[in-house]
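Descriptive structure summary
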Amino acid sequence: MPKQISAVRRTSIAGLLTATSLVLALSSCASYDVTAPADARAEAPAADVKAKDARLAAAGDAKHRNGANGDAKSGRKTASARGDEVDCRKAKCVALTFDAGPSENTNRLLDILKREKAHATFFMLGKNHIEKRPAEVKRIDSEGHELANHTWSHQILTDIKPDAARHEISRVQDAVRKITGKSPRLMRPPQGRTDENVSEISKELGVAQVLWSVTAKDYETNDSALITKRVLEQTERDGIILLHDIYRGTVPAVPGILKELKKRGYTVVTVSQLLSPAKPEPGMVYRP
């Protein structure tokens, strides 16, 4: 596997990503934009950096005035208490992501995340998931997690025609917007497989592409202890953890994962928080 790719734009690569490993092969046949979270932060426009710093200052002032638990009079949580203004330029951050839901396990997962005061990004499928569980989609949004796109029916986008790929992505955008009033800004291509055509379609539809650096291969096992072990062995700063809330062993592993990550000094964030002060750039491929 190649080392971390710098944030030089228009890097020529051909993306090939299996369900079990990240593989990016260099090629002159295709080109699309790829960058790492740390590079994205470092190259954020000055205006975004200034805005981020202003929000952090405001959150700090609010915490000082009202205490860590929020506004005592109104009962509202401050941005700092919600974790909205984490600064991953300084904090040891890692993004937690869940694919292929929502499912019958999602509410239990959300209960855990709420109890542990952690936020995650949910890359959701449309067919048999978003369309059947709109209440879970609303809850994901209302509790401060990030709504993201994993296509409508998990077709491999590089294996289908551009119009079909566009439909796979846009149908989820429409469904999530109908339920929450918001359109996802992030999309994870099934099996991580992308190319210049998928990148162009993503740019057109306003979504950035997000790959990962940590996989527990939880589609292979229901052993929660093994899932926990795999995640912790692979996690490093600025990593992106891939889990699936549709599998039986995954959600029971989450409390132990969160506890140990906290013990090791990590702050668990959404993908957009990991990138901030940069904003997700449509069409861009983000991978640690």
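Since we're looking at a predicted model, the values are computed, not measured. (Residues numbered from 1 in each chain as written. Predicted model: local features only at pLDDT ≥ 70, side-chain atom pairs only at ≥ 80, totals over all residues. Heavy atoms only, no water.)

Our focus in this paragraph is the nonpolar core. Core analysis: the largest hydrophobic core is formed by 34 residues, its most contacted members being Leu96, Leu113, Phe122 and Leu243. The set of elements that each furnish at least two residues to this core consists of strand 4 (93–99), helix 4 (106–115), strand 5 (121–124), helix 6 (134–142), helix 7 (162–180), helix 9 (224–234), strand 10 (240–244) and helix 10 (250–263). Element by element, the count of residues in this core is highest for helix 10, at six residues. When near neighbours in sequence (up to four residues on either side) are disregarded, Leu96 contacts Leu113, Ala120, Thr121, Ile241, Leu243, Leu258, Val268 and Val269. If you look at the next biggest cluster of nonpolar residues, it comprises 26 residues, including Ala95, Val210, Val285 and Tyr286. (Core = buried A, V, L, I, M, F, W, Y, C linked by side-chain atoms within 4.5 Å. Buried < 20%, exposed > 50% of the residue type's maximum accessible area, 1.4 Å probe, protein only. Helix = DSSP H or I, 4+ residues; strand = E, 2+ residues; numbered from the N terminus. Contact = heavy atoms within 4.5 Å.)

It is worth spelling out the confidence of the model for the protein at this point. Atomic detail in the predicted coordinates should be set aside for any region of low pLDDT. Counting all residues, the mean pLDDT for the protein is 86, and 81% of those residues have values of 70 or more. Scored below 50 in pLDDT, residues 1–29 shows 74 contacts in the model against residues more than four places distant or in partner chains. Confidence drops under pLDDT 50 across residues 69–83; counting only partners more than four residues distant or on other chains, this segment forms 19 contacts. (pLDDT = per-residue confidence, 0-100.)

This part is about the packing of helix 9 against helix 10. For the pair helix 9 and helix 10, the least separation of the axes is 8 Å and the interaxial angle reads 40 degrees. For the element pair helix 9 / helix 10, the angle class is oblique. As helix 9 packs across helix 10, the resulting crossing turns out to be right-handed. From helix 9, Ser224, Ile227, Thr228, Val231 and Leu232 reach across to helix 10, where they touch Thr250, Pro252, Ala253, Gly256, Ile257, Glu260 and Leu261. Its residues placed into classes, the contact of helix 9 with helix 10 shows seven nonpolar, four polar and one charged. (Axes fitted to C-alpha atoms, helices over the stretch in contact; angles between N-to-C directions. Parallel < 35°, antiparallel > 145°, perpendicular 65-115°, else oblique. Left-handed = near helix turned anticlockwise from the far one by under 90°. Nonpolar A, V, L, I, M, F, W, Y, C, P; charged D, E, K, R; others polar.)

Let us now look at the state of the cysteines. Within this structure, the stated rule accounts for one disulfide. Cys88 shares a disulfide with Cys93; S-S distance 2.2 Å. Residues Cys88 and Cys93 are joined through a disulfide that is left-handed, its torsion about the S-S bond being -90 degrees. (Disulfide = S-S within 2.5 Å.)

Bringing the pattern of salt bridges into the picture now. When charged atoms on two side chains of opposite charge get close, those side chains can pair. Using the criterion set out here, one finds 18 salt bridges in the structure. Notably, a salt bridge pairs Arg139 with Asp111, separated by 2.6 Å at the nearest N-O pair. Residue Arg139 is found in helix 6, and its partner Asp111 is found in helix 4; the two are separated by 28 residues along the sequence. Through salt bridges with shared partners, one network takes in Lys52, Arg55 and Glu85. (Salt bridge = Lys/Arg side-chain N within 4 Å of Asp/Glu carboxyl O.)

This part covers the environment of Met284. Take Met284: it is sitting in the loop between helix 11 (271–275) and strand 12 (285–286). Met284 sits in the buried class, given a relative accessible area of 1%. The sequence separation of Met284 and Val34 amounts to 250 residues, and the corresponding C-alpha distance is 5.8 Å.

With that out of the way, let us pick up the packing of aromatic side chains. Throughout the structure, instances matching the rule amount to one aromatic pair. When the ring of Phe98 is compared with that of Phe122, the centres are 5.5 Å apart and the planes differ by 25 degrees; the resulting orientation is stacked. Remark: Phe122 occurs in strand 5 and Phe98 occurs in strand 4; sequence separation between them is 24 residues. Here Phe98 and Phe122 have matching classes, each one buried. Its guanidinium or amino end placed over the ring of Tyr266, Lys92 lies 4.3 Å from that ring's centre, counting from NZ or CZ. Against the face of Phe123 rests Arg188, its NZ or CZ located 4.2 Å from the ring centre. (Phe/Tyr/Trp six-rings, centres within 6.5 Å; stacked < 30°, edge-to-face > 60°. Lys NZ or Arg CZ within 6 Å of the ring centre and 35° of its normal.)

Successive side chains on a regular strand alternate, one facing one side of the sheet and the next facing the other. Side-chain alternation along strand 5 places Thr121 and Phe123 on one buried face and Phe122 and Met124 on a second face that is also buried. Here strand 4 runs beside strand 5; their pairing, made up of three bridges, is parallel. Of the residues in strand 5, the one forming a bridge with Phe98 is Phe122. Running through helix 4, the crossover from strand 4 to the neighbouring parallel element strand 5 is right-handed. (Pairing = 2+ DSSP bridges. Right-handed = clockwise from strand over helix to strand, strands pointing away.)

Of note, Pro288 is situated in the segment after strand 12. Accessibility expressed as a relative area gives 18% for Pro288, which makes it buried.

For the rest of this paragraph, the subject is the side chain of Thr215. Note that Thr215 resides in strand 9 (residues 214–215). Here the side chain of Thr215 touches Lys217 through a polar contact of 3.2 Å, landing on its backbone nitrogen. (Polar contact = N/O pair within 3.5 Å; in protein donor to acceptor, adjacent residues only side chain to side chain.)

Moving on: unusual backbone geometry. A cis amide bond, omega -5 degrees, links Gly101 with the succeeding residue Pro102. As for its placement among the helices and strands, Pro102 is situated in the loop between strand 4 and helix 4. With an omega of 20 degrees, the peptide bond running from Ser276 to Pro277 counts as cis. With respect to the helices and strands, Pro277 occurs in the loop between helix 11 and strand 12. Within the chain, Lys217 stands out as a residue other than glycine whose phi angle is a positive 50 degrees. With respect to the helices and strands, the residue Lys217 is situated in the loop between strand 9 and helix 9.

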